[in-house]
Amino acid sequence: MLNVKPNPSRLLGALAALTVVSLSAGVASAQAQEIALGAIVPSSGPFAEWGRSNSVTLRMLEKQTNDAGGINGAKLKITILDDGAKPAQAASSLRKLAGDEKVLAVAGPLTSSAAEVTFPVANEMKVVATSQASSKPGVAKLNRPWAFRNTIDEGVLAKTTVPYFKKAFNIKTVGIIFDAKDATAATVGKAIMPAALKASEIAIVNESDPLSFNTGDLDVSAQVTKLKSLNPDGVVVSADYSQAITVLREMKRQGLIKPVVGATQLISSAILKAAPEIPIVAPATFFATMKGEAAEKFVANLQPLLRKESGLPAEIEPSMYDANIYEIVSMYIDAIKKSGVTGKPADVEADRAKIRDHLAKLEGFQGLGGPIGFNDDGDAIKAFYVLQGQNGTWDTKVRGCSSAPNHAGC
């Protein structure tokens, strides 16, 4: 018999090698069982309420998805970063999500100011980024093919909103006041609303003397005093709702009880409490009291979670931007399920491209308010509503659709 003595060093080396291979396989297997997505929201700063409610919304969707078995058997993980509504911080957050976290797609950022500097980074990193609130014209169009927005260009919305405002309140003249520091508000106040008003033959009483303030200003008494002296039939307030509340309260204090019109930024349950006697007209793609099985179920599930969150108002309701970010991640999940995304580290570049291509061709995705697709500029094709808010509630007055040539409608 051949007597072979074992070599301890060789045996240990073989075992070590086998252990490394086994651990590597285990890590790869574990990573393949997780689908990583990212989100950029302003949980601090001037839009903190929206960012915090967005975070609650995403955690709800993450739990719903995983409780239902995940995505093709893999667990969904959403990494949420706070940009404080600061453009540079939003861009840095996207680099971290795409580079360090290796997410397959990103929901956000929220503001147009942040999207303008973050979308170019999305193109550089080759990862889809879809904003839940940006509506300044052309922001996604300038950053194709990786930038999308689950919103409608404010210029499109104003073409329906302003004619309703004119007819409902017999408006012949308006005064305009806007937040000069906010990209969307400034564009709406200086360009979009003036164009829509002129198209409807409404005169702007302060066209040669624009009235503005900056995000965070607490005193707008001088601007409102000027507006009151001009005695317009109505007022354009172009600002995020939290900033617009300051204007409305001052209008009420000075007795300037005139109907107000604005952009999607005005849509909030909170703004209706600032001056209940002042009618507010604005467009939206979602609002908490809208009818429909999907919308009502969404509100019923989310509202109790929002009201348990200590950093949010006690009577908060799901916002349009909660609905939008919920739809964004739902569209990503749809893309992952249908386009062969693996979620494996080695496939991250290919997976990101599959999600991008799926969204670019998307038609008829069932959102909370109806079917959603994207036009060639990366903006959503979806239904919208002109709402009138007064005495604490929003009421639907007009339904529209942001249809586009050669694309399915709403």
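Each value, and the rule that gives it
- Residues numbered from 1 in each chain as written.
- Predicted model: local features only at pLDDT ≥ 70, side-chain atom pairs only at ≥ 80, totals over all residues.
- Heavy atoms only, no water.
- Axes fitted to C-alpha atoms, helices over the stretch in contact; angles between N-to-C directions.
- Helix = DSSP H or I, 4+ residues; strand = E, 2+ residues; numbered from the N terminus.
- Parallel < 35°, antiparallel > 145°, perpendicular 65-115°, else oblique.
- Left-handed = near helix turned anticlockwise from the far one by under 90°.
- Contact = heavy atoms within 4.5 Å.
- Nonpolar A, V, L, I, M, F, W, Y, C, P; charged D, E, K, R; others polar.
- Disulfide = S-S within 2.5 Å.
- Buried < 20%, exposed > 50% of the residue type's maximum accessible area, 1.4 Å probe, protein only.
- Pairing = 2+ DSSP bridges.

Some details on the packing of helix H10 (residues 320-338) against helix H11 (residues 348-360)
Thought 1: As a packed pair, H10 and H11 sit with axes 9 Å apart at the nearest point and diverge in direction by 110 degrees. In terms of axis orientation, H10 runs roughly perpendicular to H11. Crossing angle aside, the handedness with which H10 passes H11 is right-handed. Here Met 331, Tyr 332, Asp 334, Ala 335, Ile 336 and Lys 338 of H10 come into contact with H11, specifically with Ile 355, His 358 and Leu 359.
Thought 2: Of the residues assigned to the contact of H10 with H11, the class counts are 6 nonpolar, 1 polar and 2 charged.

So, the state of the cysteines
Thought 1: For the coordinates displayed, the defined rule picks out 1 disulfide.
Thought 2: Residue Cys 401 pairs covalently with Cys 410 via a disulfide, S to S 2.0 Å. Between Cys 401 and Cys 410, the disulfide has an S-S torsion of 80 degrees and is therefore right-handed.
Thought 3: Relative accessible area serves as the criterion here: at 28%, Cys 410 is assigned to the partly exposed category.

Regarding the sheet that holds strand E3 (residues 105-107)
Thought 1: With parallel pairing, the 5 strands of this open sheet are ordered in space as E2-E1-E3-E4-E5. One side of each edge strand has no neighbouring strand; the edge strands of this open sheet are strand E2 (75-82) and strand E5 (147-149). The mean inter-strand angle of the sheet, taken between neighbouring strand axes irrespective of direction, is 25 degrees.
Thought 2: In this sheet, E2 lies alongside strand E1 (residues 34-41) in parallel orientation, the contact comprising 8 bridges. Paired with Ile 35 across the strands is Leu 76, a residue of E2.
Thought 3: Sheet strands touched by helix H2 (residues 48-67): E1 and E2. Its angle to E2, the strand with the most contacts, is close to 170 degrees.
Thought 4: Contacts from H10 reach E1, E2, E3 and strand E4 (128-131) within the one sheet, and its direction differs from that of E3 by about 165 degrees.

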